[in-house]
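# Structure at a glance
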Amino acid sequence: RPWVALAACRDSDPELFFSDGDARGTAVALRICAGCPVNEDCLEWALLARAAFGVWGGTTEQDRRRLLRRSA
């Protein structure tokens, strides 16, 4: 995943992206993702890998489940 080196989150605290339902942590993670140059690559990876936890590509677990249901 060479795109990871360009990710806006690469120097952020991983706890922000895996905040166990903490709305504030999730909101911060989503703001970081919003300005990320590799947001689409990250989301594509998360959907392919069926990432069940955390914020990936500007989406929450619920967002990704919804996207996967729509594409089925």
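Residues numbered from 1 in each chain as written. Predicted model: local features only at pLDDT ≥ 70, side-chain atom pairs only at ≥ 80, totals over all residues. Heavy atoms only, no water.

Moving on to the side chain of Ser19. Looking at the element boundaries, Ser19 is found in the segment before α1 (23-34). Here Ser19 falls in the buried class, since its relative accessible area comes to 16%. Beyond its immediate chain neighbours, meaning those up to four positions away, Ser19 contacts Gly25 and Thr26. (Helix = DSSP H or I, 4+ residues; strand = E, 2+ residues; numbered from the N terminus. Buried < 20%, exposed > 50% of the residue type's maximum accessible area, 1.4 Å probe, protein only. Contact = heavy atoms within 4.5 Å.)

This paragraph deals with the environment of Val4. Of note, Val4 is situated in the segment before α1. A relative accessible area of 35% places Val4 in the partly exposed class. As a C-alpha pair, Val4 and Ala27 span 23 residues in sequence and 21 Å in three-dimensional space.

The next subject is the nonpolar core. Counting 8 residues, the largest nonpolar core is built from Trp3, Ala7, Cys36, Val38, Cys42, Ala46, Ala51 and Trp56. If near-sequence neighbours (up to four positions away) are discounted, Cys36 is found in contact with Ala7 and Ala8. (Core = buried A, V, L, I, M, F, W, Y, C linked by side-chain atoms within 4.5 Å.)

With that settled, consider the packing of helix α2 (residues 39-49) against helix α3 (residues 61-71). Running from N to C, α2 and α3 point in directions that differ by 70 degrees, and their axes come no closer than 11 Å. Our classification of the angle between α2 and α3 gives roughly perpendicular. Along its contact with α2, which presents Leu43, Ala46 and Leu47, the element α3 presents Arg64, Leu67 and Leu68. Residue composition of the contact of α2 with α3, grouped by class: 5 nonpolar, no polar and 1 charged. (Axes fitted to C-alpha atoms, helices over the stretch in contact; angles between N-to-C directions. Parallel < 35°, antiparallel > 145°, perpendicular 65-115°, else oblique. Nonpolar A, V, L, I, M, F, W, Y, C, P; charged D, E, K, R; others polar.)

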